[in-house]
Amino acid sequence: MVLSNACVSGVLALAVAKRFIHQKRYDHVLVVAGDLVSKFILTGFNSFQALSELPCRPYCKTRAGINIGEVGCSVLVTTDADHLVNESVRIIGEASCNDANHISGPSRTGEGLYRSVVSAMNQANIEAEAIDYISAHGTATMFNDEMEAIAFNRANLQNTPLNSLKGYFGHTLGASGLLETIIGMYSLHSNTLFASLGFQELGVSQPLNIIKETTAKENSIFFKDRFWFWRL
């Protein structure tokens, strides 16, 4: 099955895998994500005037735009404990809501992300205070970062430690959600919060608890753009 839904493709594939297993259609689902940096991709982002010549700095006041990265990654979603690795997590909730705002622009009120967060928390039966860490999308573009800040504040997550990993390897497009989920799994396993690389000063209108330095912290639940994961 091929899922192509822009930046959410990788995590949407995890949701589909979870649902297949919940429906008892499969015992194991291999999720593979990848995207290529092509002339079409570069000219598309350039037409938005979104590309930065400098390393991207998500949520930072001096951010200048996005960097594009390229990656391939995979995970196994399974019911068999014999196939689990030490970094494995349990998917306790997931949601994806379309705000029907614009083909390339997010809702100014963060409606889609906010509804996804609330739906995922309801499915997981947890409150905002239970979340230890947010691995946010954080593209270092004006509209995305602002939308996320608004949505997280609406969901009472403004004090939850948050980072964007795109300062390390750029925006890996359809693979970004899965790649950042894998790193989030390791973050839980190692009880480590990774710094949001390049961040200097908050550049959005709503407060966020940006992780400025890589630190040790006990973690049990983390949120990855529209999904909740719980360490086994």
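Only a predicted model underlies this, so the values are computations on that prediction, with no experimental measurement involved.

## Describing the pattern of salt bridges
Now for step 1: For the structure shown, the criterion picks out 10 salt bridges.
Now for step 2: For Lys166, the salt bridge identified is with Glu180, shortest N-O distance 2.9 Å. One end of the pair, Lys166, is in helix H5 (residues 166–169); the other, Glu180, is in helix H6 (residues 176–190), and 14 residues separate them in sequence.
Now for step 3: The exposure class of Lys166 is buried, given its relative accessible area of 1%.
Now for step 4: Judged by its relative accessible area of 0%, Glu180 falls in the buried class.
Now for step 5: Note that Glu180 and Lys224 form a salt bridge whose closest N and O atoms lie 2.6 Å from each other. With Glu180 in helix H6 and Lys224 in strand S9 (residues 221–224), this pair connects stretches of sequence that are 44 residues apart.
Now for step 6: A relative accessible area of 1% means that Lys224 is categorised as buried.

## Points about the nonpolar core
Now for step 1: Formed by 28 residues in total, the largest nonpolar core has its most connected members in Phe152 and Trp228.
Now for step 2: Elements supplying a minimum of two residues to this core: helix H3 (111–124), helix H4 (142–154) and S9.
Now for step 3: Counting residues in hydrophobic clusters, the runner-up holds 27 residues, among them Val11, Val16, Val31 and Leu179.

## A look at the packing of H3 against H4
Now for step 1: Orientation of H3 relative to H4, taken along the N-to-C sense of each, is 35°, at an axis distance of 8 Å. When you trace H3 past H4, the crossing you get is right-handed. Of the residues in H4, those touching H3 at Glu111, Leu113 and Tyr114 are Met147, Glu148, Ala151, Phe152 and Arg154.
Now for step 2: When the residues that make up the contact of H3 with H4 are grouped by side-chain class, the tally is 5 nonpolar, no polar and 3 charged.

## Some words on the packing of helix H1 (residues 9–22) against H6
Now for step 1: Packing of H1 against H6 brings their axes to within 5 Å, and their N-to-C directions diverge by 75°. Here H1 is positioned roughly perpendicular relative to H6, judged by the angle of their axes. Seen from H1, the contacting residues are Gly10, Val11 and Leu14; seen from H6, they are Gly177, Leu178 and Thr181.
Now for step 2: Along the lines of polarity and charge, the residues of the contact of H1 with H6 split into 3 nonpolar, 3 polar and no charged.

## Some remarks on the packing of aromatic side chains
Now for step 1: Across all of its chains, the model carries 5 aromatic pairs by this definition.
Now for step 2: Measuring from centroid to centroid gives 5.3 Å for Phe20 and Tyr26, while their planes differ by 70°, and the two rings are edge-to-face.
Now for step 3: Taking relative accessible area as the criterion, Phe20 reaches 14% and is therefore assigned buried.
Now for step 4: Under the relative-accessibility criterion, Tyr26 is labelled partly exposed at 40%.
Now for step 5: Ring centres 6.3 Å apart and planes at 85° place the aromatic pair Phe45 and Phe48 in the edge-to-face group.
Now for step 6: Positioned above the aromatic ring of Phe143 is the side chain of Arg108, whose terminal nitrogen or guanidinium carbon lies 4.2 Å from the ring centre.

## Remarks on the side chain of Ser187
Now for step 1: The residue Ser187 is located in helix H6 in this model.
Now for step 2: Residue class for Ser187 comes out buried when judged on its relative accessible area of 0%.
Now for step 3: Ignoring any residue separated from it by four or fewer positions in sequence, one finds Ser187 in contact with Tyr133, Thr192, Leu193, Phe194 and Asn219.

## Considerations on unusual backbone geometry
Now for step 1: Not every positive phi belongs to a glycine, and Lys24 is a case in point at roughly 65°.
Now for step 2: Of note, Lys24 is situated in the loop between H1 and strand S1 (28–35).
Now for step 3: The backbone of Gln49 shows a phi angle near 55°, a positive value even though the residue is not glycine.
Now for step 4: Among the structural elements, Gln49 can be located in the loop between helix H2 (39–47) and strand S2 (71–78).
Now for step 5: For Gln49, a relative accessible area of 74% gives the class exposed.

## Here's the deal with H1
Now for step 1: Between its first and last C-alpha, H1 extends 20 Å over 14 residues, near the 20 Å set by a 1.5 Å rise per residue.
Now for step 2: Buried residues dominate H1, accounting for 12 of its 14 residues.
Now for step 3: Those residues of H1 lying buried are Ser9, Gly10, Val11, Leu12, Ala13, Leu14, Ala15, Val16, Ala17, Lys18, Phe20 and Ile21.
Now for step 4: Two residues or fewer after H1 comes Lys24, characterised by a positive phi angle close to 65°.

Definitions and limits used
Counting restarts for each chain: residues are numbered from 1 in the order of the written sequence. Reporting in this predicted model follows two pLDDT cut-offs: at least 70 for local features of residues, and 80 or more for side-chain atom pairs to be given and counted; totals over whole chains, interfaces and linings ignore these cut-offs and use all residues. Side-chain figures throughout are based on the complete set of non-hydrogen atoms in the structure, without hydrogens or water. By salt bridge we mean one thing: a side-chain nitrogen of Lys or Arg within 4 Å of a carboxyl oxygen of Asp or Glu. Only runs of H or I of at least four residues qualify as helices and only runs of E of at least two qualify as strands under DSSP, and these elements are numbered from the N terminus. A simple rule labels every residue: compare its accessible area, found with a 1.4 Å probe on the protein chains alone, to the largest value its type can have, and call it buried under 20%, exposed over 50%, or partly exposed in between. In plain words, nonpolar cores are sets of buried Ala, Val, Leu, Ile, Met, Phe, Trp, Tyr and Cys residues tied together by side-chain atoms within 4.5 Å. Fitted lines through C-alpha atoms serve as axes, helices being fitted only where they are in contact, and the angles separating the N-to-C directions of these axes extend from 0 to 180 degrees. Crossings are classed by handedness, with left-handed meaning an anticlockwise turn of the near helix from the far one by less than a right angle and right-handed meaning a clockwise turn. The criterion used for residue contact is that any of the two residues' heavy atoms lie within 4.5 Å. Under the grouping applied here, Gly and all other residues not named as nonpolar or charged are polar, the nonpolar ones being Ala, Val, Leu, Ile, Met, Phe, Trp, Tyr, Cys and Pro and the charged ones Asp, Glu, Lys and Arg. Angle categories are assigned with fixed cut-offs, so that under 35 degrees is roughly parallel, over 145 is roughly antiparallel, 65 to 115 is roughly perpendicular, and the rest are oblique. Centre distance within 6.5 Å is the pairing criterion for rings of Phe, Tyr and Trp, where only the six-membered ring of Trp is used; planes under 30 degrees apart are then read as stacked, over 60 as edge-to-face, and the remainder as tilted. Our definition puts a charge over a ring when NZ of Lys or CZ of Arg is within 6 Å of the ring centre and also within 35 degrees of the ring normal. Between the first and last residue of a helix there are one fewer steps than residues, each counted as 1.5 Å, and that sum is the expected span.

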